[in-house]
Amino acid sequence: MRNYTTEAEPTALVGPWLEPLLPELIDFRRDLHAHPELSFREFRTTDKLVERLEAAGLEPRRLEGTGLTVDIGEGPIATALRGDIDALPIIEETGLPFASKNHGVTHACGHDVHTTTMLGIALVLHRMHQESPLGGSVRIIFQPAEETMPGGAHSCIEQGVLEGVPRILALHCDPRIEVGKIGTRIGAITSASDTIRIELSGRGGHTSRPHLTEELVFALAQIAVNVPAVLSRRVDVRSGVSVVWGHISAGSAPNAIPGTGYMAGTMRCLDRDAWHSAGELLDEVVHQVAAPYGVDVRLEHTRGVPPVVNSEHETALIEAAARAEIGEGAVVLTPQSMGGEDFAWFLAELPGAMMRLGTKTPGGEEYDLHRGDYILDERALGFGIQVLTAAALRTIRDL
């Protein structure tokens, strides 16, 4: 296995192949941005990708419903690359001339860039292969429905997209990193993310006589405070288990204890084993905390995604490609994110890594993902294509 941390880097080679394609790819990305589609409804996006890939002489394979894969080159697969294609149910507020025409839906997480990056890689690799055989092949997966749980990665895997694949790489836009740089990290780069919904029911009554009721509002409060506290003591503290509530509701009158109440939140964790153990503990802890108040508890715990855990070898591969294509200062250490990402399901099957693609204009405004006003620096598109194309070529060289 090649040691990418110490090898001498070859001369950058992807840029000249990409340059004539870049204007077209920017237009393609803007078209996607203007026509965003929600999870499992990415029909136009899928059609546009198939159309362009077939026009180039490639043979994409449609997945069930939406999404597709395409293999470039000949012979054994050296790596897979994955890009997610769905958008978010958010109103766009950018004011861009190519802003969303689908009201209430926008690419506020950069998936239009992810999709176009993968298209660009496919076109560059295909042109290289036409000029001189690559000596192997690369599979690109255009995955639907990353923004929903449990996400489209499951259906892709069930449809055999990983057959014959030894590793997988991906990228995600990061508005905190300046354009021209990428962020990497060995180990957990994102968090596991589950959804928790709890409904309590019991005997209501007057607030002057709580002893004659199951004091449901107080029980909700105890669960909200004590469940996170207990889990933090029952699970290894190094795993970063975090339970945060986003919704609590009960009652409507200040002097009436209601008979039902509801709360919902998320549980996140940076360790796969701790994710499993915390999930098993959750039901026990919720019922134990609620028990003294006599309320009936209905718990719905939806498993979302495990953490994305980058392998050391594939992380070094991406870093070597970035330094060769962009420069020695192109790689920065990225902090762990407590956000969830269903690329983790691919990494449960294969070694691989996800990199952060810098999209911030130097000196410009700092945005966050999932914001309706998120504007990215389009130069990031070219850098993403260069880095992952170069990484893919390195894996072919290792066959």
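Residues numbered from 1 in each chain as written. Predicted model: local features only at pLDDT ≥ 70, side-chain atom pairs only at ≥ 80, totals over all residues. Heavy atoms only, no water.

A. View of the packing of helix H8 (residues 312-325) against helix H10 (residues 379-397). Packing of H8 against H10 leaves a shortest axis separation of 8 Å and a crossing angle of 120 degrees. Relative to H10, H8 is oriented oblique. In the crossing of H8 with H10, the sense of the turn from one axis to the other is right-handed. Counting all contacts with H8, which are made through Leu317, Ile318, Ala320, Ala321, Ala322, Ala324 and Glu325, the residues of H10 involved are Gln386, Val387, Leu388, Ala390, Ala391, Arg394 and Thr395. Residue composition of the contact of H8 with H10, grouped by class: ten nonpolar, two polar and two charged. (Axes fitted to C-alpha atoms, helices over the stretch in contact; angles between N-to-C directions. Helix = DSSP H or I, 4+ residues; strand = E, 2+ residues; numbered from the N terminus. Parallel < 35°, antiparallel > 145°, perpendicular 65-115°, else oblique. Left-handed = near helix turned anticlockwise from the far one by under 90°. Contact = heavy atoms within 4.5 Å. Nonpolar A, V, L, I, M, F, W, Y, C, P; charged D, E, K, R; others polar.)

B. Local environment of the pairing of strand E4 (residues 137-143). Counting buried positions along E4 gives seven out of seven residues, so the element sits mostly inside the fold. Of the two faces of E4, the one holding Ser137, Arg139, Ile141 and Gln143 and the one holding Val138, Ile140 and Phe142 are both buried throughout. Relative to E4, strand E2 (residues 68-73) is paired through six bridges, and the arrangement is antiparallel. Bridge pairing links leucine 68 to phenylalanine 142 in E4. (Buried < 20%, exposed > 50% of the residue type's maximum accessible area, 1.4 Å probe, protein only. Pairing = 2+ DSSP bridges.)

C. Seen up close, the nonpolar core. If you look at the biggest cluster of nonpolar residues, it comprises 57 residues, and the most contacted ones within it are Ile140 and Phe142. The element best represented in this core is H10, accounting for ten residues. Sequence-distant contacts of isoleucine 140, defined by excluding residues within four places in its chain, comprise Leu68, Thr69, Val70, Ile72, Leu81, Met118, Ile121 and Ala122. (Core = buried A, V, L, I, M, F, W, Y, C linked by side-chain atoms within 4.5 Å.)

D. Seen up close, the packing of helix H2 (residues 22-34) against helix H4 (residues 111-131). Viewed as axis vectors pointing N to C, H2 and H4 meet at an angle of 145 degrees, and their least axial separation amounts to 9 Å. Handedness of the H2/H4 crossing: right-handed. Between H2, through Leu25, Phe28, Arg29, Leu32 and His33, and H4, the contact on the second element is made entirely by Asp112, Val113, Thr115, Thr116, Leu119, Gly120 and Leu123. Considered class by class, the residues forming the contact of H2 with H4 number six nonpolar, four polar and two charged.

Any functional reading would require information that these geometric values do not contain.
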